[in-house]
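# Tertiary structure, described
Now for the letters of each chain:
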Amino acid sequence: MTRHLHLVPLHKNTRFLSNFHTNQPTIITKASSFTTIPWNTHLRNLSKHGQYYEALILYRQMLQSKATPNAFTFSFALKSSISLSLPITGTQLHCHVIKLGCKYEPSVQTALISMYCKCGLTELARKVFDEMPEPSLTVCYNALISGYVQNYDFLNGFSLFCEMRLRGVEFNAVTILGFVPGCTVPECLWLGMSLHCLNVKCGLDNDLAIANCLLTMYVRCGSIELARKLFDHIPEKGLITWNAMISGYAQNGLAAEVLELYHEMESLQVNPDAVTFVGVLSACANLGNQMIGFEVEQKIKSSGMRCNVFLKNALINMYARCGNLAKARIIFDEMPEKNLVSWTAIIGGYGIHGLGNTAVELFDKMIETGIRPDGTVFVSVLSACSHAGLTKKGLDYLDLMKREFRLKPRSEHYSCVVDLLGRVGRLEEARKLIELMEVEPDGAVWGALLGACKIHKNVELAELAFNKVVELEPTNIGYYVLLSNIYTEANNSEGILRVRLMMRERKLKKDPGYSYFECKGKTHLFVAGDGSHPQTKEIYKMLNRLEHGGVNKNDQNQEPRDVMGMHSERLAIAFALLNTEIGTDIIVIKNLRICGDCHSFVKRVSKIVDRLFVVRDATRFHHFQNGTCSCNDYW
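All values derive from a computational prediction rather than experimental measurement. (Residues numbered from 1 in each chain as written. Predicted model: local features only at pLDDT ≥ 70, side-chain atom pairs only at ≥ 80, totals over all residues. Heavy atoms only, no water.)

## A closer look at the pairing of strand β2 (residues 522-527)
Both strand β1 (residues 514-519) and β2 contribute to a ladder of six bridges, which runs antiparallel. Bridge assignment links Phe517 to a residue of β2, and that residue is His524. Hairpin connection from β1 to β2: two residues lie between these consecutive antiparallel strands, with Lys520 at a positive phi of about 55°. (Pairing = 2+ DSSP bridges. Helix = DSSP H or I, 4+ residues; strand = E, 2+ residues; numbered from the N terminus.)

## Looking at the packing of aromatic side chains
Throughout the structure, instances matching the rule amount to 17 aromatic pairs. Ring geometry for Phe158 and Phe179: centres 6.4 Å apart, planes at 10°, overall stacked. Linking Phe158 in helix α8 (residues 154-166) with Phe179 in helix α9 (residues 173-179), this pair joins segments that are 21 residues apart in sequence. The buried category is assigned to Phe179, whose relative accessible area is 1%. Consider the rings of Phe363 and Tyr397, whose centres lie 4.9 Å apart with planes at 75°: the pair is edge-to-face. Of this pair, Phe363 sits in helix α20 (residues 356-368) while Tyr397 sits in helix α22 (residues 391-403), placing them 34 residues apart in sequence. Assigned by exposure class, Phe363 and Tyr397 land together as buried. Over the ring of Phe332 we find Lys338, and its NZ or CZ is 5.2 Å from the ring centre. (Phe/Tyr/Trp six-rings, centres within 6.5 Å; stacked < 30°, edge-to-face > 60°. Buried < 20%, exposed > 50% of the residue type's maximum accessible area, 1.4 Å probe, protein only. Lys NZ or Arg CZ within 6 Å of the ring centre and 35° of its normal.)

## Things to note about the side chain of Thr122
Here Thr122 lies in helix α6 (residues 122-130). Judged by relative accessible area, which is 11%, Thr122 ranks as buried.

## Here we look at the pattern of salt bridges
All chains considered together, the criterion is met by 23 salt bridges. Among the salt bridges present, the one from Asp130 reaches Arg126, with a minimum N-O distance of 3.0 Å. Taken as a pair, Asp130 and Arg126 lie in helix α6 at a separation of four residues, close to a single helical turn. In this structure Asp130 comes out as partly exposed when scored by relative accessible area, which is 47%. Between Arg431 and Glu435 there is a salt bridge, with the nearest N and O atoms lying 2.3 Å from each other. One end of the pair is Arg431 and the other is Glu435, both in helix α24 (residues 427-436) and four residues apart, which spans about a single turn. Using a relative accessible area of 18% as the deciding quantity, one classes Arg431 as buried. (Salt bridge = Lys/Arg side-chain N within 4 Å of Asp/Glu carboxyl O.)

## Let's talk about the pairing of strand β4 (residues 613-616)
Residue alternation in β4 divides its side chains into two sets, Phe613 and Val615 and Val614 and Arg616, and both sets are buried. Here strand β3 (residues 586-590) runs beside β4; their pairing, made up of four bridges, is parallel. What sits directly across from Val588, in β4, is Val615. Since β3 and β4 lie parallel, the crossover through helix α31 (residues 596-609) that links them has a hand, and here it is right-handed. Inspection of the sheet shows β4 paired to strand β5 (residues 621-625) by four bridges, in the antiparallel sense. Residue pairing across strands places Val615 opposite His622, the latter belonging to β5. (Right-handed = clockwise from strand over helix to strand, strands pointing away.)

## Examining unusual backbone geometry
Trans is the prevailing form of peptide bonds, just as negative phi is the prevailing case for residues other than glycine. With phi around 55°, Lys457 is a residue other than glycine that occupies positive phi space. Locating Lys457 in the fold gives a position in the loop between α25 (443-456) and α26 (459-472). Among the residues examined, Lys457 registers a relative accessible area of 56% and is labelled exposed. Phi angles above zero are rare outside glycine, and Asn491 is one such case at about 55°. Assessed through its relative accessible area of 69%, Asn491 is described here as exposed.

## A short note on the sheet that holds β5
Strands belonging to one sheet form pairs held by backbone hydrogen bonds; the direction of such a pair is parallel or antiparallel. A sheet is described by the order of its strands in space; here six strands give the open sequence β2-β1-β3-β4-β5-β6, paired in mixed fashion. Strand pairing shows two members of the sheet lacking a second neighbour, β2 and β6 (628-629), which therefore form its edges. In this fold helix α30 (residues 568-579) packs onto β1, β2, β3 and β4, with an angle of close to 15° to the strand it touches most, β1. (Contact = heavy atoms within 4.5 Å. Axes fitted to C-alpha atoms, helices over the stretch in contact; angles between N-to-C directions.)

## What to know about the environment of Arg126
Overall, the relative accessible area of 22% leaves Arg126 in the partly exposed class. Distance from Arg126 to Tyr116, taken between C-alpha atoms, is 9.0 Å for residues ten residues apart in sequence. Setting aside residues no more than four positions away along its own chain, Arg126 makes contact with Leu144, Tyr148, Leu160 and Glu163.

## Remarks on helix α23 (residues 411-423)
With 13 residues, α23 extends 18 Å between its outermost C-alpha atoms, agreeing within 8% with the 18 Å of an ideal straight helix rising 1.5 Å per residue. Summarising burial for α23: twelve of the 13 residues are buried, a large majority. For α23, the secondary structure elements touched by its buried residues are α21 (375-388), α22, α24 and α25. Following α23 by one or two positions, Gly425 adopts a phi angle in the positive range, close to 90°. (Expected span 1.5 Å × (residues − 1).)

## Points about the UniProt feature "repeat: PPR" (unreviewed entry) in the chain
UniProt's feature table lists "repeat: PPR" (unreviewed entry) at residues 35-69, 105-139, 238-272, 308-338 and 339-373, given in the numbering used throughout. A helix fraction of 74% and a strand fraction of 0% characterise residues 238-272, whose end C-alpha atoms lie 11 Å from each other. A distance of 10 Å separates the end C-alpha atoms of residues 339-373, which is 74% helix and 0% strand. (UniProt positions renumbered as here; feature names shortened; annotations may be inferred.)

Put into structure tokens, the structure is as follows:
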């Protein structure tokens, strides 16, 4: 609840007004109560130590005395009002400023502008600015430009910056730091680059704070190459610089680059913090690199950050996405306080492992604990319902989202529901849902319908979905491959040819498939038909034995029937069988969606060798054991 502080009016014989009671002792002694300097000294100390509410109480006491506030007094009092976001108190202070003739003092003008901007009252801030007899002070321009940007009014901020330049008002590092954050969308990248050039031209390129700000701007605009170029040219990088680049790589899905930069940071003995670790754990989650994730966990424990909730959430996500759901659950259960992100991470973890019933139980328990769900956790639980075939439960959650929690479903929610309906063959219902969506369907929505058409071999609807999705995402190679596979299963050679011609015209190439397996502290990467691994000969012998349905010793010298046709996950599995103890679970990470032939192959192998195989493909985890898969052939 916001506290409002009514101040004593400046005219005499007026009763003191207050809407709260305080038992705080009077700080000023009787001897000092008639002069301004002691009051200002105390106000400055309270403000310096973040005791803003106490500072305003002291200011009220000052008004009751015979001391007269001056520009310094108002600077400290307004700073306290800004920090507490008290617009009513700030407005009262403004009245006092005018009555005491301090409204033209630069420090007071700047504080008033900042106060109104902090409270979201940019119109009043502009009025203060316009009432200046000659608004030529850099600090005043800085305060208003920064205020506009912070209140998402970038156009007015840009206009004021242009006015500042036309008037010949000198800008400084504070100007750049206040203005650049407004250029963090791709449409404004050109302006951010212009500011960068201006920054270099005016000799501010050695300012580390500005460099960090520009680096963050490039990252948020998705210009990773420009960000890295700037990063490499910063002579002395601070921790904020490293974190900005690591976070930028992580947010843009460049997980390998995150780990590379993290190792470089370690070699230079730069001590990481929680922000660093969150970025690194995110990269480990994307790559399925549990080994480095475990090392990071040990460093978190030794550095005294084991209670950091952000790191706990990142660890849950990392272990779940690396296939170690049991460890993710242990971390979740041990957390004394779980926030919405914690629940979202564990629910999403169970969802991608196909354990929809557990995900649903956790979601319902979360609501029982009083935590209000948001759109993100609804995506997780709807996706979990889709992967597990919980159609009715998923539709109920969509209704609950709108009716009970008044949340407007976004495109990602609808794509989950389209997938949910499509997987059980309710294709027409899924298509009608797309037509009735309250938001414009994006590529993911039509892509979900296209995927469902593959499962149920509906070529006609698949062509409709494909035409829609390639309008929205013309360079997404996955959709072309998906339609080509649908045509292949339908023996439609003409359709296959059309897709290939379309890909050729648009210069699209299928992403190379690869899989990797961690063994004895090292990651082994395989691509289709790979012959570069030191154990290639043994790997193909093992595959040949598996292909023939057993481990007959007489088959060891035979070559596999189609070496070049061996997909990467088969190579990784054969390598794992050669290099792990009997009974050890095998986790393989794959960058693409597992194909039907390989899915059938791993099911057969899991029965032959009596092992648990966990394969993470582009969309989910598959747990193969005793000839069956956790997805129930439903992926």
